[in-house]
Amino acid sequence: MAEFWAEYGAAAYLLAGLWAFFEGETFVLAAAAIGAMTGAVDPFLLLGSVWIGSFLGDQTWFILGRRYGPGLVKRYPKAEAKMASATSMLLQYGTLFVLSFRFLYGIRNVAAAACGLAGMGQLRFAVLNFIAAGVWASSFVAAGWYLGALIGPERLFHFIAGGALVVLAVFLFRRFFRKRRSTGTVPVV
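Right, let's walk through the structure included here.

Cut-offs used in this document
Residues numbered from 1 in each chain as written. Predicted model: local features only at pLDDT ≥ 70, side-chain atom pairs only at ≥ 80, totals over all residues. Heavy atoms only, no water. Salt bridge = Lys/Arg side-chain N within 4 Å of Asp/Glu carboxyl O. Helix = DSSP H or I, 4+ residues; strand = E, 2+ residues; numbered from the N terminus. Buried < 20%, exposed > 50% of the residue type's maximum accessible area, 1.4 Å probe, protein only. Patch = residues over 30% accessible without salt bridge, like charges linked within 9 Å, V, L, I, M, F, W, Y side chains within 5 Å. Areas by Shrake-Rupley, 256 points an atom, 1.4 Å probe, with all protein chains shown as cover. Lys, Arg positive; Asp, Glu negative; His and termini not counted. Charge placed at Lys NZ, Arg CZ, Asp CG, Glu CD. Phe/Tyr/Trp six-rings, centres within 6.5 Å; stacked < 30°, edge-to-face > 60°. Expected span 1.5 Å × (residues − 1). Contact = heavy atoms within 4.5 Å.

All right, on to the pattern of salt bridges then. Applying the stated criterion to the full structure yields one salt bridge. Note that D58 is salt-bridged to R102, the shortest N-O span being 2.8 Å. Residue D58 is found in helix α4 (residues 43-75), and its partner R102 is found in the loop between α6 (95-100) and α7 (108-117); the two are separated by 44 residues along the sequence. For the residue pair D58 and R102, the accessibility class agrees, reading buried in each case.

This is the structure in structure tokens:
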């Protein structure tokens, strides 16, 4: 990744912004960690690019939710359940929900659309979204930077591989548990 940053320079920051448009926590953590270890990544440029990318991504989802949400929700039952969960949280927590949904696993992709679908004001969402994107970007750039400085280049591969294995294990366990639960072989407590 350090070579990529060194070779592509400004385009790498554009890629980071594009990645944050869709998701991006892992990429931001890794880029910041590489930056701390090699000096190839400017943390302030990385912060700015992922802040803007995340902001624009959620603004896009908000607008799509506002315009096309009701029709799409009826077409996709899985999305309907996630959208209902996000809308319920929005109605219960309001501003706090908008400021924190980026950190909530499983609803980030639909939360901004749920805000649009629920009829939240465009200006209110844009202001809260801008603040939340900044908090999110700052948190992950800082965490990656300090993680990179803490673990050092020698242990980075082992740390990333270990993290990937943990994520894979959790994913497989959840999938297996859900499959068994749906067949009725695991008692529900």
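On to a positive patch on the surface. Together, K78, K82, R174, R175, R178 and K179 make up a region of like positive charge exposed at the surface. Counting only elements with at least two residues in the positive patch, the list comes to α5 (77-93) and α8 (122-183). Ranked by residues supplied to the positive patch, first place goes to α8 with four residues. Examined against the element boundaries, K78 turns out to sit in helix α5. On the accessibility criterion, K78 (74% relative accessible area) is exposed.

A separate point is the packing of aromatic side chains. Inspection of every chain in the model, using the stated rule, returns eight aromatic pairs. Look at W51 and F130: their rings are 5.1 Å apart centre to centre, the planes differ by 35°, and that puts the pair in the tilted class. Linking W51 in helix α4 with F130 in helix α8, this pair joins segments that are 79 residues apart in sequence. In this structure W51 comes out as partly exposed when scored by relative accessible area, which is 25%. The interplanar angle of 45° and the centroid separation of 5.6 Å between the aromatic rings of W136 and F140 together place this pair among those described as tilted. With W136 and F140 both in helix α8, this residue pair falls four residues apart, about one helical turn.

Time to look at helix α3 (residues 25-38). Every α-helix winds through 3.6 residues per turn, so residues three or four apart in the chain are directed the same way. The end-to-end C-alpha distance of α3 is 20 Å, a good match for the 20 Å that 14 residues give at a rise of 1.5 Å each. Where α3 is concerned, the buried positions are E25, F27, V28, A31, A32, A33, I34, G35 and M37.

This part takes up the environment of F97. By secondary structure assignment, the location of F97 is in helix α6. Separated by 35 residues in the primary sequence, F97 and A132 have C-alpha atoms spaced 9.9 Å apart. F97 has contacts with A86, M89, L90, L104, I107, A111 and C115, leaving out every residue within four places of it along the chain.

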